[in-house]
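Architecture and fold: a report
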There are 2 protein chains.
Amino acid sequence: MRQGIPDATVARLPVYLRALTTLAEDGTATVSSEELAAAAGVGSAKLRKDLSHLGSYGTRGVGYEVEYLVYQISRELGLTQDWRVVIVGVGNLGHALANYGGFVSRGFTVAALLDADDRIVGETVGGLVVRPVDDLEEVVAEQGVHIGVVATPAPAAQDVCDRLVAAGVTSVLNFAPVVLLVPDTVMVRKVDLSTELQILAFHEQRQVANRLSVDVPARVVALEPDGGTGRAGVSP
Amino acid sequence: MRQGIPDATVARLPVYLRALTTLAEDGTATVSSEELAAAAGVGSAKLRKDLSHLGSYGTRGVGYEVEYLVYQISRELGLTQDWRVVIVGVGNLGHALANYGGFVSRGFTVAALLDADDRIVGETVGGLVVRPVDDLEEVVAEQGVHIGVVATPAPAAQDVCDRLVAAGVTSVLNFAPVVLLVPDTVMVRKVDLSTELQILAFHEQRQVANRLSVDVPARVVALEPDGGTGRAGVSP
DNA sequence: TCAACTTTGTGCACCCGTTCACAAGTGCCT
DNA sequence: AGGCACTTGTGAACGGGTGCACAAAGTTGA
């Protein structure tokens, strides 16, 4: 049970945490796996298995005590300590990130905003003065930054990332549309808007195809002129 | 091979597509699975298996023709047609999305920007005039919108989502920190900044723990006062 | 105290995705 | 023409995650 929580579980813990926080604000004291699972959009069995990886919190016949579970998940995620974050790139997205309330709310502090553009440096965004990107190493060292957020244009991203890593940052959240190369001691997570849209487009397309196949089944065959090799068979 | 590309593969196709586009811009004509895999940050075997789901593009002994593969992946993702997107909520994040260049570049058109705040309605953002959220149904119907982007505050998200779905939208990209409930005919993808940060925090914490265990192995046991039941054993 | 009811925690079987390893196919050089 | 070097495409083994189903454990009410 201990010693190694599955990645898939870790990825869901923040979702549970948010659902629990909402419940706590509504004054709910205890919650069953069924209810919490519904609020988190997962199956109840999966939820129970996930929580069992943290330990045996929860009472049979009753459910889980909301406050207590919030604390346990927070602790497991490391939210009981404050993580210092530096945001590099204060364009449209950087602005949004710096102003994002829920960003700071729970265990995260924005240590500094950095940008390479002189016109932006010195501006105040989200209560912080934007500093030149040259201060990167200094900021990371002095403020003890652990997490770097890359919100720069694509061409600058790898360079900024390299500097973050060299300065001692071991986790990077990347919004730039490039694959960042890092040593395997560093963890990178990527958020890519156009990737998400493209995945939606794929499913949208399939859905349209399925709708056609329901209406006019014979058409489906005509839409797939090729057995799989692809290159041939396009001509009528 | 045909009839059903695995979800995991679909999620990686946009990454391959971007890497290929970059290669094409650099004038590269053909690429091996090894090279492309490196550029996309995956293993070469995985890449080959992914591409094999689309068909047998690629030449043994040579590699893949870049232009051709770009076309095939684009077609498979449905990017040969234009998808119309409506963005609801033009706050900090909505601004960023509306101005995001790569957003529009490839197969996606922003049909409209909507907001509930009178002070924002009428403003021009990214070349479009922000319209009142009351126009939602009208916009979706008239413009034939397929994809809705929810960038509203959390409390408004579910309501906006319901209206999008009722108006005929079948894919939703959700930036609000809530779990959207939709009929299972609708696909939702969620992008959540604080979730990503929390996942990073977890790994960061583990990494710190590992570093300690390397330096002072005995300490690890002391840091785990409890065999796993959790509730007991906290007192000194 | 006991029985009926509720809910957790988990063993087990199944499925999807990843990785390895190699046969089959292609181009190049002699 | 033939062999060599290279690369794709895929069968097969493996591993992790999911969902089912149920025993264990606790609560409520008589």
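Data block above holds the structure.
Let me sum up the structure you'll find in this document.

Conventions and cut-offs
Here the residue index of a chain counts from 1 through its sequence in written order. Ligands are numbered from 1 and chains lettered from A, in the order in which they are written. Local features are withheld for residues below a pLDDT of 70 in this predicted model, meaning they are given only at 70 or higher, and side-chain atom pairs are given and counted only at 80 or more; totals for whole chains, interfaces and linings count all residues. Derived side-chain values reflect all non-hydrogen atoms in the structure, with water molecules and hydrogen atoms excluded from consideration. Whether a set of points on the 1 Å grid over the protein atoms alone is a cavity depends on a 1.4 Å probe fitting there but being unable to get out, while an open set qualifies as a pocket with protein on both sides within 12 Å along at least five of seven lines; lining residues are those with an atom within 4 Å of a point. Grid points are joined across faces, edges and corners, and a volume is the space filled by probe spheres set on the points. Here a residue counts as near a molecule or strand whenever at least one of its heavy atoms sits within 4 Å of it. Definition of a polar contact: a pair of N or O atoms within 3.5 Å, with one able to donate and the other able to accept a hydrogen when the atoms are protein atoms, and with sequence-neighbouring residues admitted only if both atoms are side-chain atoms. For the purposes of this entry, the term helix denotes a DSSP run of H or I that reaches at least four residues, the term strand denotes a run of E that reaches at least two, and both are numbered from the N terminus. Residue classes follow a fixed rule: Ala, Val, Leu, Ile, Met, Phe, Trp, Tyr, Cys and Pro count as nonpolar, while Asp, Glu, Lys and Arg count as charged, and any other residue, Gly among them, counts as polar. Throughout this description, the term salt bridge denotes a Lys or Arg side-chain nitrogen within 4 Å of a carboxyl oxygen of Asp or Glu. Think of it in three bands: with a 1.4 Å probe and only protein chains considered, a residue is buried below 20% of the maximum accessible area for its type, exposed above 50%, and partly exposed in between.

A full pass over the atoms with the stated rule returns one cavity of 30 Å³ or more. Its volume calculated, the largest cavity comes out at about 40 Å³. Taken together, L93(A), F175(A), V191(A), L193(A), L93(B), L97(B), F175(B), V191(B) and L193(B) form the lining of the largest cavity.

Below, the discussion takes up the protein's contact with DNA strand C. Around DNA strand C lies a shell of 25 residues, among which S33(A), Y57(A), Y64(A), R12(B) and R60(B) are the nearest. In DNA strand C, the atoms that sit within 4 Å of the protein are 64% sugar and phosphate, with bases accounting for the remainder. A distance of 3.1 Å is found between a sugar or linking oxygen of DNA strand C and a backbone nitrogen or oxygen belonging to G61(A). In this structure, a base oxygen belonging to DNA strand C sits 3.1 Å away from a side-chain N or O atom of K49(B). Of all the secondary-structure elements, those providing two or more residues to the surface near DNA strand C are α3 (44–52) of chain A together with α1 (7–25) and α3 (44–52) of chain B. Tallied by class, residues from the surface near DNA strand C come to six nonpolar, ten polar and nine charged.

A word on the pattern of salt bridges. Taken as a whole, this structure holds 16 salt bridges over all chains when the rule is applied. Put simply, R119(B) and D117(B) hold a salt bridge, and the shortest N to O gap is 2.9 Å. Judged by relative accessible area, which is 71%, R119(B) ranks as exposed. Residue class for D117(B) comes out partly exposed when judged on its relative accessible area of 23%. Of the charged contacts, one joins K190(B) and D192(B) as a salt bridge, the two residues approaching to 3.5 Å between their closest N and O atoms. Each of the salt bridges in this network shares a partner with another, and the network as a whole consists of R18(A), K190(B) and D192(B).

Everything listed is a geometric property; what it means functionally is a separate question.
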